[in-house]
Each structure stands twice: as structure tokens, then as C-alpha cells.
2 protein chains.
Amino acid sequence: MINHFCKYPLWEVSRRLAAVAGGSQPADLVIVHANLINVCTKEIQEDISVAVAAGRIALVGDASHCIGENTQVIDAKGQYLAPGFLDGHIHVESSMMSAGEYARAVIPHGTTGIYMDPHEICNVLGLEGVRCMLDDAARTPLKAMMTTPSCVPAVPGFEDTGSHIGPKDVAETMNWDTCVGLGEMMNFPGILSSNEETHAITGNTLKAGKIVTGHYSLPETGRGLNAYIASGVRCCHESTRAEDALAKMRLGMYAMFREGSAWHDLKEVAKSITDHPVDTRFAVLISDDTHPHTLMAQGHLDHIVRRAVAEGIDALTAIQMVTINCAQCFQMDQDLGSIAPGKCADMVLLDNLTDLNVTRVFIDGDLAAANGALTGEYPAYTYPEWATRSIHIRDAITPETFRIPANTEHIAPDKTVTVRAIEVIPARVGDYERHVALPVRDGFLESDTSQDVLKTAVFERHHATGKKGFGFVKGFGIRCGAMASTVAHDAHNLLVIGSNDEDMALAANTLISCGGGMCAVQNGKVLGLVPLPIAGLMSDKPLPEMADTVAALEESWKEIGCTMPSPFMTMALIPLACLPELRLTDRGLVDCNRFCFVDVEV
Amino acid sequence: MINHFCKYPLWEVSRRLAAVAGGSQPADLVIVHANLINVCTKEIQEDISVAVAAGRIALVGDASHCIGENTQVIDAKGQYLAPGFLDGHIHVESSMMSAGEYARAVIPHGTTGIYMDPHEICNVLGLEGVRCMLDDAARTPLKAMMTTPSCVPAVPGFEDTGSHIGPKDVAETMNWDTCVGLGEMMNFPGILSSNEETHAITGNTLKAGKIVTGHYSLPETGRGLNAYIASGVRCCHESTRAEDALAKMRLGMYAMFREGSAWHDLKEVAKSITDHPVDTRFAVLISDDTHPHTLMAQGHLDHIVRRAVAEGIDALTAIQMVTINCAQCFQMDQDLGSIAPGKCADMVLLDNLTDLNVTRVFIDGDLAAANGALTGEYPAYTYPEWATRSIHIRDAITPETFRIPANTEHIAPDKTVTVRAIEVIPARVGDYERHVALPVRDGFLESDTSQDVLKTAVFERHHATGKKGFGFVKGFGIRCGAMASTVAHDAHNLLVIGSNDEDMALAANTLISCGGGMCAVQNGKVLGLVPLPIAGLMSDKPLPEMADTVAALEESWKEIGCTMPSPFMTMALIPLACLPELRLTDRGLVDCNRFCFVDVEV
């Protein structure tokens, strides 16, 4: 695949590279005396020099003849030189930061390229929104390679999104220079059932010679997984058991071992290669979703490589898993993933192979970060107004909006009505349908904090259709107050949970007035707020500020009684109708086992 | 890279594959109870079944649910199932067989795909000739993937070829479905010196997203090799020392270990991976040139894999080297090189991992060969008349044509003249310039068999320009008689060597009248003849007949006194002016160290 993420394409600068390697022209940069982490042969080569010109590597070995008067020389004695790290599957939106700020945050950790699936912004703003993210990222040196979101909406017919992506849209994006493939094909039922439109989406990607990335989350390695891979899906990051990852690699699929902020698969999945003496070329490390706190406290791929080493994967293999293996997965190894002549000069210096601290990061031959900080400033990108004013609610929201009239025929002698409640499970993606008897007051169904059952609502917020859905959730622990979020997978409508209608209305209106985000309110007071004005998903604030703001919001959540870890992650999945068991969208309560709408009252 | 060598592209049949894997449609073929050689994880998996539909693999594992009424079931109990073998670099012309006959010869040995560089026919007939070879090969199931010859002519200005390939021609061929890259870039001096046209040839390949294959024959791994690789050359088959192959792999270049009929590099080069515990993903086995005798007596890639195992490479690694590693080199691993869902069903059954005898060969899911014989008949291809009448000599050749008048000023008192003679070295590509005193008879320079010095001539045979060059060779041992050949690298003009003018004329005219080939004559009698009417390079006769005919010719050579092994190989290099030290082309004697024409007489 042609790589459009480089300072110059190789064919424009090959003559200069040959001249530099040969010694007739000086290099722009020479790194001397490094311990080279050679991911091609899985070796450490000592005292190696690397000459760089025109953003690419001209020579690896003895580069003394490449040094001219104006050549920058960096002594890397005692340090380890690795290829820049590549994240094979990442939703930038999960960081709640703009693509530009995300880039600024991860580059100092050694990340030089990401394969991003802008699935969230695409659900809200469509491909125009995706273009904004790409334009934003393009102002930084990070190679932000895009895979076209494949499942927008995630569950057609059960929710309202801001956009719809069909086979024609996919075909069109395949002509974008920024597009390297198709984003995670979550609709594996469509693939397995030979659905025509689903296969047209993957097929249009294959026809363009680009990569179909996957999402096969079933713990099944037989006919289903085979059907999925046979349809052209090249990689998958959804293994949670070692045997699933091993089966994928055996079937020629790149198994992406995930270690995100919310999903910690690595501990189990690493066993696929530590317990089995297999060729590891199909193993890749990825993050999928990373929150500000993780980026601040632990890092990005540097952290994940450390985690892999902690799980018994040797450091050289772990580094191959974020470099050459990933580049080969995307068939971009002619330019990325190794320190070799002709490749883009994306390189990382590490202080040692135990701590794996990133001391310097080079992208296209330029020093992009040193000792944890960026070395340059990049122009800010301003998202257009339609991207930052994306909350479109038809009707004014008041406390009365949240009243759920009880069906008088259902009222039991004890003045209760039995309702379906969504019971969430902390740090898990699944939920349960629970039947709960709720008190009826003045003819309306009410939250019952004594049973930890709270009213919840989802408002369509893309096209001001006025659609809204109501239901109840169990398990958040809120004693008094409300939480709201416009990060609500995958349609990202406005989601509100609360113990009373007044706080719920305040929470909803707080987000509407700031263009989206997440908040907690109690007794008419906003306790915590993370404004996310870009598509209601992201902020243009830098990482440290975001990490602080999110931490403050988490404190507010605790204040109102919610003590689960990362409650916003759990909350954000309430509307995701492709997950079991019961979900709430702007169209109503969905039985996700039978795929039909159901009433709140049993 | 899009693969055009398959029964159906994946996007046309993915729905069927999913249905077959899922069990809702029956497979076309199921192979059961095989020991799978899994090249993805480098393991043997026992009792594995493989389901095939529409020419592709639908499922690997337990395929019992894929078997329907009309499904062909093959029991492979006790056998080993490997991906079809791929030859990463081969000149079909060296086999002296047409592409179709070559395919028929190698398929039973497990070869399902070749990356062919039709350099020889291109020198004679240009891209139109290349198209003929591709059309011929396309009538067989062999995947004959073409790399565009990059160096036609090999040494511009020193010889006359039938064709010329420039950057524009290369760009045009990159649009051919059959073209997967650029043929071996032998002009490494042009690359190293940043020559504009040479880099335009490689650049036009890179611009098309295709692979530049290499030829870097210097025993040098520093600035030259780096410059060459930095220019985008992805693989090289010219390593003769282990350290060269290792250096190439370390620099991210695919090192192709050659074991051809004439060049036996494997013994040395294998040490690059047997003596060093390196990742072997950049190691590939290739043949380069294979003669009929080798194909008959030893086989093709099956033989080379056996040789690799004999040199200490474990069988699984050796098989990776002719399957997945090769496919990844050409970025065609999405379709070729492994037995995995979605891939082309190109598979080989082996009886064991010691003898590695190929018992059955499947291509695109069809049984193509069993127990050493093809199972089907494929329509013959008839080369057009312009391709089979390619010998165009302007002037009639008679014994007088070979008279070389001595310069009377140079005649020594003992009636001799000192001449430059090309001394050949058996089984080596180099030669020496020797100065020899030759007798002058009636004013003409004559062969002197007592010194083993023979007259030699090269006649331009493409455009009937009448150009001809004369000189002397030493080392062939011919006592009486002549040999002629139109296989004479790389221009493939008509080359004649002999002890007397009459036999030389007969040898030349014998080839002219049969459209080219190789022959031996003595005392006015043709002792041996291999007619090669296709471009003067190839025959449309099948392998057994070719092997016999060539063996008979070798006997004739011995009869006239030439006892060196494979003399036609050594002879064929006499005009190759890119090799040291002295060569003869149709334009005259070339000093290949100084790159200038020199006189016969010193």
C-alpha cells in the first residue's frame, strides 16, 4: 500500500538517500553509538549509527562518512534505538481529547503512528467530522492513519445517529490518502450471515487493496471465526482468552493484544505466546481506548510494552509487536516499523530495556520529543462551528420532561409497578435485565434509591427529531443527584441518569449549553463538568488539564454516591444495543437478546 | 497489492466462503485428517481439515459440517499439508522451455506460484515477447507473476539487443494485472551513483505500490548495500556469503537464498540463519535459474527445501521460506503463502518431513498434480511467427565470414601475433584477459588448439544490422569442431566458437535455419542440436524430451573435446559485458574493467 504519511515519498528522494549512504552528500542527522533494537532479525546490535536524510533512513551501520559540516550528530551511547511505536487500533475519541491534543500527548511516549478508527465522531458528524479530526492530526508530526468506520450506525433501526456509512461511502474513503483500511467490522453477525451490504463494505475495502480490521468478540474459534476471517478480515483486537488469540494467529489473522484503560486483556492473552512456542509475527499490541488518566500516569504504547514484558513476553518480541508486526499487518512495512535504509526515520531512544523509558522521539528524522516533552510547537486547529455545536435537541428539557406516567392497569395493590431495569456490572461490558417493583407517586414512576434503581433517559441530539427513550438502571449507587453524558455509545445521544427530575433536567441542560460533555449535579448544583464541545465527544484542552478535569468529575460522582471504577465507561455503554442484555436508546428500551423494543413496565 | 492470480477475487466470493465455513452451504472440497504445516505460527497441527470453496479456503479446523453430497473429500491421514510453494525469483527462459511447459514441469513438484523475471525474452522481443510468455503460462494453473525486466539492455552502448526498456515502459507495465513488481535491478552502479534514469525505473515501480527486486552481487555490506536498499530495493538473491545474507536481513531486505542449477549458494548462505539465532522472516529460498536436467533429476522448490534441510535449516522454517516469507516479501500474503481462511487454496501434500515428497498439488482448490504427474491437460499456446522467427542476420554466413585478417605491422618474426583471449573459468561467472601469441596463416589469425585458444564471433541477430564482433577464447578444450548458441547473455545474439571456419559457419547456419538454439558440429557434421525456436531461447517441447536433447548435446560437446560442466552456461556468459574481465559482443571486444572497446591484437 502506498504510504502518504511521510515527509517525501521514497521515489522523490531515493537519489539523495543513495548519495548520503555512499558518502557523496552529507546526512541531515546521524545518531551514533546506539544499541540498535533490530526488529527485522530480533537482535540487539551494539554501537550502530544511523544516517538520516530527507526524513528517511539512508544508512544503518557505520555512518562516519555521512557526517558533514551541517549534519546534526546525536550521541546515543548506552541508549537503545527502536523503531517508532505504532498503535494498530485506537479510538482517539476515548481520550476525550482532540486528535491534535492526543498526538501531543502520545508522541513523547514514543508513539509515532496510530491506526485510528474515528468511529465515534463519525456517528455524530459523519465523514465530514472524520476529515476534521484528520486535518487536526495532520498539523502534528504523528502519523494518524485512518480506517473508515464500518458500522455507523452500530445497530440500524434501533437508534438515531448523526450519520450513516454505507458501501459507497466506504468506497469513496478508500480514495483518501489518509485512509489505510476499514475500521473494526463489529457487525460480525452480518459477515457470518453473508449479508450483502456488510460484505459490500468489506469488499469495497479489499477491492481497493486496503486492510479490513476486525472485531470478533465471541469466545469461539470454529466455524464463526473461520467465516469471519475467510471474508477478508485481517486482524482482531477482541480476544480476552489466550486460546482465542492463538486460534486467530493460527488462522493467519493478526491477533491484537489489547491493554486499554478499561479493558485489560493482556494478562490472559499474553499466554498465547508465552505458553506456546509459536512464531509471533502475527501478534500485535494495541490500546483500543485510552483515557487521560492512563496517558498521564502510565503512558501509551511504552506502558503497554512494559506490561507485555511484565507478563513474560521478552522485550524484543514486545517491541516487534508495536513496530514491524503492526506495519506488516497493514502492509506498510516498506515505509514503517523498522530501522532500515529507505524507511521513514521514525525512531525512539530508550534508556534501557527494563524501564523502557522513552528519552527521545524522532519522526521523519526530526526530533519531536525529548525527556517526555514535545520539542516543537504545532499550529492549533480550530474545529468548525458545526462540529462544536452538535447538540440539537428539539424540545426544551424541564423536570417535567422526565415524568414517566404509570400504566394504571399495572399498578399493584401496594401501589407499585414492576419495571425492567438495566443492571450494570462494574468494569464489564455486559448487563442484566432485572425486574423491579417501583413506587408510583401521583401516577408517575419514580427512582427508588433504596433499591439503587434510577430513572434514565436518552434524547436524540443530532437532528432535533424530539425522539426520546426512558427506562431505569440499577447499580450506579447514586443516592441523590444526576449524571449526564453525550459520550453514549455508539450514537452518542444525550444520556441522563438521576434520582430526581430536577437534577436530571439540570444535568441535561448543563451539557446542552456547553456543547456536550459529562457532568454530575446534586440539589440544583453542578458539582463536576467535563465540557467536550467537539462533537460532544472531545475537548481541545491539553492532556494535563483534561486529566485534572476528569479526575474532578470522578470525585463529584463519588460525592453523589457512585463509587464504581470509571463509571462514565459503564454509563456510556447503556445505549449500546449490540451488547447484551437490555439497553436504552433514544427510541426506547431494547431487548438485545431478541432484538426488539420492549416496554418499561413488565 | 491486489492479486489477480486467483479463480475469483475474495470480494466476489466472501459471502459464499462465510456460508461454507458456517455450514449453510457445502464446500467444493474438504481435505481431512491432515498434519497441517502451519507457516503462520510455525507449528504442525495434527488431524486438521480444510474446507475449500470457489478456489479459496473457507475453513481450517474441524470441517465435518462443510461436507455435502457433492463435496469431494480427500483423506490425508498421515500426510503433511503445506501451502503451495512460491519461487521468489526465477528466469523461466533458463529452463529452455516455454512458460507453459515450464509450468507443466514444476507444478508436480509443489510449485504453485513463481515470480518470474522474463529478462531474456525481453532482450530479444521486448514487452510483446513478455506478453506471449504470460499468455502461455496463463493457460496453466501456475500463478506466473511477472516482474518487469529492469535492465534491457544490460550494458547500454556495448551491445545490440532486440529491445530497450526505459522508465516509461516500466510505468506502463505496472498497470498490467500480471505485473507485481520490477525485475532484478542489476544496474546497482546506476542506483549507487544516483543515476536519474535508473532511479526513475525503480521509482515508477514504487509509485505504483509494487515491489522492486534486487541484484546486489558485491561482497560488501556497508555504504553500497545501504545505498541500494535505501533506494527501495526490497529483496536480493545474490548473496554468496553468509555474512552478506545476514547483513541484508538486518537491513530489512529479503535475503533470497539461491540454489539454482548453476549457482549453489545455499551451502554457504544457509549459515546466516543456522549459525545465528535470528528471526527468519526475511529469509526466502529461490531458484533463479533451473535447467531441464535439474528439474528432471532433482525437482524444483521441493529439491531446494530438501537442500535447505540438509544444510541444517529445520523443515518448518524451510517451508516458511518458500511460502509465507515469499508472499510477505511481495505483499501478497493476503492471498498467498499460508493455509488460512480466505486465502487461495494452493496446497501441497507431502508424504513426510524427511523426504518431502510431493504427493498431491492443489491450485485454486483444484487437484493439479498427483504423484508427480499433472492431473489435467491444458490447451497449448502457439507463439506467433514473429516470436519463433527471431534470427535476423543481414549477411550470409560462410567460412570466409570468420576470417580475421592480421595487422601486418603486428606480425612478430616467428609469424605470430599477440592477441587478447577471453579465458573462461568452469562454473564461475568471471573470466580473465590473457595475451596469447597466435599463428598467422595466409595473413589471417587462426585458432590454436595446442594452446586451447579458439576463434569466436558474435553476430547481431535482432535487426539485421550486419554488426559482428570477433575475438578469441581460451579454456573450452575443443580439439576439432565448433559450438554455437543464441542463448548468449543478455542480448542473445548469435555466438559461435570453433577450431575452424568451416565448422563455425555450419554451426551458425544450423541455428539460423532452426530459429535459434544450441549446437555442436565437427568436420561438417551436426553432432548435437537443441532447437530453441521461441525467441532463440526456448522450446515448446516437454521436460523429458528437453532433458534428453540437452543431455545429447552435452555428449556432443564432450565429443569435440569440451569436458567442462555445463559448458553452455559458461559459453553463454561470453558476451555479458557487465561481468569482468574481457567480453565479446556484436560490437567487438569489451574491456569490462575500464568499460571500453579494445582491439583483438594487443
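Let us look at the structure shown here. Note that the coordinates shown come from a computational prediction; the quantities given were computed from them, not determined experimentally.

Along its length, chain A carries 18 helices and 30 strands. Taken along its principal axes, the extent of the C-alpha atoms in chain A is 95 × 50 × 45 Å. Here chain A, with 602 residues, has 66% of them falling under the buried criterion. Within chain A, counting contacts between residues at least 6 apart in sequence, those at least 24 apart form 68% of the total. Put simply, chain A shows about 19500 Å² of open surface, and 48% of that area lies on carbon and sulfur atoms. If the 46 positive side-chain charges of chain A are averaged to one point and the 74 negative ones to another, these points end up 2 Å apart.

Mapping between the two chain copies consists of a rotation about an axis together with a translation along that axis. Under the fitted operation, chain B is carried onto chain A by 0.0 Å of movement along the axis and a turn of 180°, and the coordinates agree to an RMSD of 0.1 Å. Between the two chains, the operation in question is that of a two-fold axis. When the interface residues of chain B are mapped onto chain A, 100% of them again fall at the interface, so both copies present the same face.

What follows is about the sheet that holds strand β13 (residues 283-286) of chain B. All names here are of chain B. Taken together, eight strands build an open sheet; the order of strands is β6-β7-β8-β9-β10-β11-β12-β13 and the sheet is parallel. Both edges of this open sheet fall to β6 (85-90) and β13, since each of them pairs with a single strand only. Sheet twist, expressed as the mean angle between neighbouring strand axes with direction ignored, is 30°. For strand β10 (residues 211-214) and strand β11 (residues 233-236), the ladder comprises three bridges, and the chain directions are parallel. Bridge pairing links Gly214 to Cys236 in β11. Most of the contacts of helix α12 (residues 301-310) go to β13, to which it runs at about 130°, and overall it touches β6, β7 (111-116) and β13.

Going through the model one piece at a time under the given rule, you end up with 20 aromatic pairs over all chains. Here the aromatic rings of B:Tyr115 and B:Phe330 are separated by 3.7 Å at their centres, their planes lie at 5°, and the arrangement is stacked. Remark: B:Phe330 occurs in the loop between α14 (324-329) and β14 (347-350) and B:Tyr115 occurs in strand β7; sequence separation between them is 215 residues. Among the residues examined, B:Phe330 registers a relative accessible area of 0% and is labelled buried. Taking 5.1 Å as the distance between ring centres and 35° as the angle between the ring planes, the aromatic pair formed by B:Phe158 and B:Phe597 counts as tilted. Note that B:Phe158 is positioned in the loop between β8 (143-148) and α4 (167-173) and B:Phe597 in strand β30 (residues 596-598), a separation of 439 residues in sequence. Through a chain of ring-to-ring contacts, the aromatic side chains of A:Phe158, A:Phe595 and A:Phe597 assemble into a single cluster.

Residue and element names in this part refer to chain A. Going through the model one piece at a time under the given rule, you end up with zero disulfides over all chains. Here Cys236 stays free of any disulfide, with the sulfur of Cys235 as its closest cysteine sulfur at 7.7 Å. Cys236 gets classed as buried once you look at its relative accessible area, which sits at 0%. With no disulfide partner, Cys480 has as its closest neighbouring cysteine sulfur the one in Cys562, 14 Å distant. Cys480 sits in the partly exposed class, given a relative accessible area of 24%.

This part takes up the environment of A:Gln79. Residues and elements named next belong to chain A. Tracing the chain through its elements places Gln79 in the loop between β4 (72-75) and β5 (80-83). With 54 residues separating them in the primary sequence, Gln79 and Met133 have C-alpha atoms 35 Å apart. Ignoring sequence-local partners within four residues, the contact set of Gln79 consists of Ala34, Asn35, Leu349, Leu350, Asp351 and Thr359.

Moving on: the interface of chain B and chain A. Residue-level contacts link 62 residues of chain B with 62 residues of chain A. When the two sides are added together, the surface that chain B and chain A hide from each other amounts to roughly 5100 Å², 53% of it contributed by carbon and sulfur. Applying the counting rule to chain B against chain A returns five salt bridges. B:Glu43 is paired through a salt bridge with A:Arg250; the nearest N and O atoms lie 2.7 Å apart. In this assembly, chain B and chain A are joined by 27 residue pairs in polar contact (both at pLDDT 80 or more). Counting only elements with at least two residues in the side of chain B that touches chain A, the list comes to α1 (10-22), β2 (43-53), β3 (56-61), α5 (188-192), α6 (196-207), α7 (223-230), α8 (242-250) and α14 of chain B. Its residues placed into classes, the side of chain B that touches chain A shows 29 nonpolar, 21 polar and twelve charged.

What follows is about the packing of helix α1 (residues 10-22) of chain A against α6(B). At a closest axis distance of 9 Å, the pairing of α1(A) and α6(B) adopts a crossing angle of 140°. The orientation of α1(A) with respect to α6(B), classified from their angle, is oblique. Handedness of the crossing formed by α1(A) with α6(B): right-handed. Facing A:Leu10, A:Trp11, A:Ser14, A:Arg15 and A:Ala18 of α1(A), the residues of α6(B) in contact are B:Glu196, B:His199, B:Gly203, B:Leu206 and B:Lys207.

In this section: unusual backbone geometry. Excluding glycine, residues mostly carry a negative phi; peptide bonds, for their part, are mostly trans. Cis geometry is adopted by the peptide bond preceding A:Pro153, which originates at A:Val152 and carries an omega value of -5°. Tracing the backbone through its elements, the reader meets A:Pro153 in the loop between β8 (143-148) and α4 (167-173). Unlike most non-glycine residues, B:His33 shows phi in positive territory, near 60°. Mapping B:His33 onto the fold places it in strand β1 (residues 29-38). Residue classification places B:His33 among the partly exposed positions, given a relative accessible area of 35%.

Our focus in this paragraph is the environment of A:Val39. Mapped onto the elements, A:Val39 comes out in the loop between β1 (29-38) and β2 (43-53). In this structure, the C-alpha to C-alpha distance between A:Val39 and A:Thr317, residues 278 residues apart in sequence, is 8.1 Å.

Within this structure, the stated rule accounts for 65 salt bridges over all chains. Close ionic contact of A:Arg420 with A:Glu433 constitutes a salt bridge, the shortest N to O distance being 3.1 Å. One end of the pair, A:Arg420, is in strand β19 (residues 416-424); the other, A:Glu433, is in strand β20 (residues 431-441), with 13 residues separating them in the sequence. A:Arg420 sits in the buried class, given a relative accessible area of 15%. B:Arg394 is the partner of B:Asp395 in a salt bridge, and the nearest nitrogen-oxygen pair spans 3.1 Å.

For helix α12 (residues 301-310) of chain A, the complete set of buried residues consists of A:Leu301, A:Asp302, A:His303, A:Ile304, A:Val305 and A:Ala308. Backbone geometry just after α12(A) places A:Gly312 at a positive phi near 100°.

In this section: the side chain of B:Ser163. All names here are of chain B. Here Ser163 is to be found in the loop between β8 and α4. Given a relative accessible area of 14%, Ser163 falls into the buried group. With residues up to four places along the chain from it excluded, the contact list for Ser163 reads Cys122, Asn123, Gly126, Val152 and Pro153.

Residues and elements named next belong to chain B. Spatially, β28-β29-β30 is the arrangement adopted by the three strands of the open sheet, whose pairing is antiparallel. With partners counted over all chains shown, the strands left at the sheet margins are β28 (582-585) and β30, one partner each. Sheet twist, expressed as the average angle between the axes of neighbouring strands with direction ignored, equals 45°.

Let us now look at the pairing of β2(A). All names here are of chain A. Across the eleven residues that make up β2, a large majority, eight, are buried. When β1 meets β2, the two strands line up antiparallel, connected through seven bridges. Counted as the bridge partner of Leu36 is Gln45 from β2. Remark: four residues form the turn of the hairpin made by β1 and β2, two consecutive strands paired antiparallel; Lys42 in that turn has positive phi of roughly 55°. In this sheet, strand β3 (residues 56-61) lies alongside β2 in antiparallel orientation, the contact comprising five bridges. Following the sheet pairing, Ala51 is matched in β3 by Leu59. The hairpin turn running from β2 into β3, its antiparallel successor, is two residues long, and Ala54 in that turn takes a positive phi close to 50°.

Once that is clear, we can look at the side chain of B:Thr213. All names here are of chain B. For Thr213, the location among the structural elements is in strand β10. By relative accessible area, Thr213 is classed as buried at 4%. Non-local contacts of Thr213, meaning those with residues more than four positions away in its chain, are made with Thr147, Leu182, Gly183, Glu184, Met185, Val233, Cys235 and Phe330.

Turning our eyes to something else, we now look at α8(B). Residues and elements named next belong to chain B. Across the nine residues of α8, seven count as buried, placing the element largely inside the fold. Along α8, the residues classified as buried are Ala242, Asp244, Ala245, Leu246, Ala247, Lys248 and Met249. Each element contacted by the buried residues of α8 is listed here: α7, β11, β12 (254-258), α9 (266-269), α10 (271-274) and β13. Directly beyond the C-terminal end of α8, a positive phi value near 75° is found at Gly252.

Rules and cut-offs
- Residues numbered from 1 in each chain as written.
- Chains lettered and ligands numbered in written order.
- Predicted model: local features only at pLDDT ≥ 70, side-chain atom pairs only at ≥ 80, totals over all residues.
- Heavy atoms only, no water.
- Helix = DSSP H or I, 4+ residues; strand = E, 2+ residues; numbered from the N terminus.
- Buried < 20%, exposed > 50% of the residue type's maximum accessible area, 1.4 Å probe, protein only.
- Contact = heavy atoms within 4.5 Å.
- Areas by Shrake-Rupley, 256 points an atom, 1.4 Å probe, with all protein chains shown as cover.
- Lys, Arg positive; Asp, Glu negative; His and termini not counted.
- Charge placed at Lys NZ, Arg CZ, Asp CG, Glu CD.
- Least-squares fit on C-alpha atoms with pLDDT ≥ 70 in both.
- Pairing = 2+ DSSP bridges.
- Axes fitted to C-alpha atoms, helices over the stretch in contact; angles between N-to-C directions.
- Phe/Tyr/Trp six-rings, centres within 6.5 Å; stacked < 30°, edge-to-face > 60°.
- Disulfide = S-S within 2.5 Å.
- Buried area = accessible area lost by both parts, 1.4 Å probe.
- Salt bridge = Lys/Arg side-chain N within 4 Å of Asp/Glu carboxyl O.
- Polar contact = N/O pair within 3.5 Å; in protein donor to acceptor, adjacent residues only side chain to side chain.
- Nonpolar A, V, L, I, M, F, W, Y, C, P; charged D, E, K, R; others polar.
- Parallel < 35°, antiparallel > 145°, perpendicular 65-115°, else oblique.
- Left-handed = near helix turned anticlockwise from the far one by under 90°.

In short, shape yes, function no, at least from these values alone.
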